[in-house]
Amino acid sequence: MTPLRLKMTPIPLNDAWTVRRPAGPFASVTGGPEVLGVVRLPHDAMRDEVRHPDVPAKGAGAYYPNGAYTYERTLDVPQEWCGKSVRLELQGAFRRAQIFLNDEFAGVRADGYSRFFVDLTPYLRHGEQNVLRIEVRSGEDSRWYSGAGLHRPVLLHVHEPVHIVEDGICVRTERLEEDQAVIAVSTTVRNDERVSKTVRVRTVIRDDAGVMVESDDTPLTLAPGEQADARQLFYVDNPALWGPDSPRLHYASVALDEGEPVVTTFGIRTVTVHPRKGLRINGVPIKLRGACIHHDNGPLGAAAIGRAEERRIELLKEAGFNAIRSAHNPMSPAMLEACDRLGVLVMDEAFDMWTRYKTPYDYAADFPVWWEADIEALVAKDRNHPSVIMYSIGNEIVEVGTPHGARRARRLANKVRALDPTRPVTNGVNALLAVLDEMPRFVEELGGLNALMADKNAMNTVGSTDAAGARIEESSSVLDVLGLNYAESRYAADCDEYPHRVIVGSETFGPEIGRLWPLVLESPNVIGDFTWTGWDYLGEVGIGSTMYADDSAASGQLEREFPYLTARCADLDITGARLPLSYYRETVFGLRTEPFIAVRRPAHHGVAIVNPSSWAWSDSVSSWTWHGYEDRRVTVEVYADADEVVLQLDGEEVARATVGEERPMLAVLETAYRPGTLVAMAYRNGIETGRTALTTASDATLTAAADRTALVDSDDDLAYVAVELRDTTGVLVTDQDREVTVTVSGAAVLAGMCSANPRTEERFDASTWSTFDGRALAVVRPAGAGVAEVTVTAEGLEPVTISLDVVARP
């Protein structure tokens, strides 16, 4: 292994990690632990375990078992590091990580999402090879699939005795004026020498073209062992502001004396909220078109590889979202950097629980000890990201309806404000949880248990009561923005009852956006809506699936039976393909002018749906290819901002319907399936406003396309290969699914593979998957410099080969 050399910038430690089962002190007697492989971080060890219906976490964890893993690698420590400070940065280790160097305990962290630092200096052996070991364990500690392992990057910081501390540069927009911005840069410097030191703090501000726009140079004297801040003010003339439509970035380069600078990215912008003026970025009003997203990356499991995080943000923005909520944990630095570059706003969430358990072994027992350190870590990591516009101190916290829960909310909110007074503080409140002890009374008032169970939005019904409002009043008063989960009936009522309250729909049912978005637009006190969810995820399996009465395997429960894998309640599936709900939302948002066609699967036409979920859209596909169903009845959905829709099949009118009878901006039409071209025409006041068409596909051919063919051999790069069945004219063939195999040779490896099938026993580490509705996805990861070849094959179809060029990391 190449020795590591001293530099100011962090040293990536993401290669050559051996992963194995944990081993106790007597393991050598029994032959040693099972070695699982040598991996490149970020990595999720849980992903490749065997799923089983009888695991303790059941469908909440996507039927994955509990797991414990050891990550180990060597670390060459040169003699020149004597007298330096050496600290390890872990951006995410799930969970209960313990860090050992040379078998000596060096540090621990309970939370699996917090970034943290461990001082390795006391345990180093200079001039020889050291052994770094990290133990993690996971199981029944999350309400969704968490994964396990070093799922975010690991870095090494080697500091001179006088140095800028980690996260030691804080950049704030003090104020915006007509012709300038006033920027404060605070740099925290530490002196580990045994004598006083005076250094010059040299700061340069550059714009996104690299042009210097301001600079300053000030002395700072520190006594032995002292840590102090150097605060500098900068006056930037006519700056390019950061905003969702123009995410212009700036860079603060800070050096001590003539040393190597530390560069921090930031954006010049302001954030304000007001109960009558709403949310404003740089004084410009904006409504949040938000998506809640979990942290997993589908076929990669929980591994937060940089390109995977960036791709998700790209596709969510293309689908019409301008904001995301990190549900329900701190977001990876890679995803925040992508949001900065792409102009996507972030609700930055800290916790899913405080002191009350939601699963048997979750963070609740750790919260009293660790909450303050984890809040400090969250703010230190994220305060320079312009995309972060508010902090959330929790999600559906059970105790917010109690007096002492309100006290705790106040402590959390005040802690955040003390660390960063520039952003609002929110909390995702489910008001129903505040009145669980009164549920017998609500059941009686609502007409009995059956009536309550039949109410598909009981959370809104109960959460909007006066009793719920009274319970959450104190904890809500400590917030700048009250996040309401599934309680839209409070929007108008709270505007009158609490005229100083600003609200965000922090979690809402996706299919209800046609009803909810007008409420957001007409309510000045409501700054946006965050759907559950923007991107499909592992765990909470099948909560958005369609359960048909003729499905003999159906459990009848909201959380579906094995082998369900994903929640199936999203705008985009786990491959990144947009589902019909996404196009409906785009229409409701006013971002789409032409109608959109989706067809409910004809195999289930006329079959009753059992226990329909409020998270579920219809089981529809944007396809007019249904071989074997000729002349059988089908249900067609058309999404349009119109008052009437007409369907034509090969030029002949076959159906006509009024828009809005089932949902706003939705027309539902019945017709018979025949191959051909189906055209939907939208009308308003008798005038055509747009049309779109679906054409029946012919025989399938195999296609494959990579989102990028030039890669860097780094721990954060990937190529996504879309594998699709299309006819010779390019029409997606959705009814001829078959197995496809992907092989990768040369300078890359197959990192994962999947389809959007929510109910499958296929493995993400397999090289063969069946397509689902005509699609599958392969993820390729660099493994050296050179050329990589990706070959896709399927029985009876011509293979496809793609070449990727991989260059060495600079």
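**Notes on the confidence of the model for the chain**
Right, on to step 1. Looking at the chain as a whole, its pLDDT mean stands at 95, while 98% of the residues score no less than 70.
Right, on to step 2. Note that pLDDT drops below 50 for residues 1-7; the model gives that stretch 24 contacts with residues more than four away or on any other chain.

**A short note on the sheet that holds strand E19 (residues 262-266)**
Right, on to step 1. Within the open sheet, the 4 strands sit side by side as E14-E13-E18-E19. Their pairing is antiparallel. If you trace the sheet from one side to the other, it starts and ends with strand E14 (212-222) and E19, each paired once. Averaged over neighbouring strand pairs, the angle between their axes works out to 20° when direction is ignored.
Right, on to step 2. Examined bridge by bridge, strand E13 (residues 197-206) and E14 share 10 bridges and lie antiparallel to one another. When the sheet's bridge partners are listed, Ile 205 is paired in E14 with Glu 214.

**As for the pairing of strand E43 (residues 748-754)**
Within a regular beta strand, the side chains point alternately toward one face of the sheet and then the other, so they alternate between its two faces.
Right, on to step 1. Most of E43 is tucked away: 5 of the 7 residues are buried.
Right, on to step 2. In terms of strand pairing, E43 meets strand E45 (residues 775-782) through 6 bridges, oriented antiparallel. Across the sheet, Val 749 pairs through a bridge with Arg 781, a residue of E45.

**As for the environment of Asp 437**
Right, on to step 1. By the element assignment, Asp 437 lies in the loop between strand E27 (425-429) and helix H5 (439-445).
Right, on to step 2. Classification of Asp 437 by relative accessible area gives exposed; the value is 56%.
Right, on to step 3. Sequence separation of Asp 437 and Gly 67 is 370 residues, and the distance between their C-alpha atoms is 35 Å.
Right, on to step 4. At a separation of 2.8 Å, a polar atom in the side chain of Asp 437 contacts the side chain of Arg 471.

**Overview of empty space enclosed by the protein**
Right, on to step 1. The final tally for this structure, using the stated rule, is 6 cavities of 30 Å³ or more.
Right, on to step 2. Of the voids in this model, the largest cavity is the one considered here, and its volume is about 160 Å³.
Right, on to step 3. Asp 111, Tyr 113, Asp 352, Met 353 and Tyr 363 are, among the 17 residues lining the largest cavity, the residues nearest its centre.
Right, on to step 4. Class assignment for the residues of the lining of the largest cavity results in 7 nonpolar, 4 polar and 6 charged.
Right, on to step 5. Taken as a whole, the second largest cavity encloses approximately 130 Å³ of empty space.
Right, on to step 6. Along its surface, the second largest cavity is lined by 15 residues, and Ala 57, Gly 61, Ser 138, Glu 140 and Ser 146 are the ones closest to its centre.
Right, on to step 7. Grouping the amino acids of the lining of the second largest cavity by side-chain chemistry returns 6 nonpolar, 7 polar and 2 charged.

**Topic: the layout of surface pockets**
Right, on to step 1. In this structure, the largest pocket occupies an estimated 1500 Å³ of space.
Right, on to step 2. As for the largest pocket, its lining consists of 46 residues, of which Pro 10, Gln 91, Leu 155, Val 263 and Glu 337 are closest to the centre.
Right, on to step 3. Contributions of two or more residues to the lining of the largest pocket are made by strand E10 (154-159), strand E11 (162-176), E19, helix H1 (306-318), helix H2 (333-342) and helix H3 (367-382).
Right, on to step 4. Looking at the lining of the largest pocket, the element that brings in the most residues is E11, giving 6 residues.
Right, on to step 5. Of the residues assigned to the lining of the largest pocket, the class counts are 19 nonpolar, 11 polar and 16 charged.

Parameters and conventions
Residues numbered from 1 in each chain as written. Predicted model: local features only at pLDDT ≥ 70, side-chain atom pairs only at ≥ 80, totals over all residues. Heavy atoms only, no water. pLDDT = per-residue confidence, 0-100. Contact = heavy atoms within 4.5 Å. Pairing = 2+ DSSP bridges. Helix = DSSP H or I, 4+ residues; strand = E, 2+ residues; numbered from the N terminus. Axes fitted to C-alpha atoms, helices over the stretch in contact; angles between N-to-C directions. Buried < 20%, exposed > 50% of the residue type's maximum accessible area, 1.4 Å probe, protein only. Polar contact = N/O pair within 3.5 Å; in protein donor to acceptor, adjacent residues only side chain to side chain. 1 Å grid on protein atoms, 1.4 Å probe; cavity = no way out; pocket = protein on both sides within 12 Å on 5 of 7 lines; lining within 4 Å. Points joined across faces, edges and corners; volume = space filled by probe spheres on them. Nonpolar A, V, L, I, M, F, W, Y, C, P; charged D, E, K, R; others polar.

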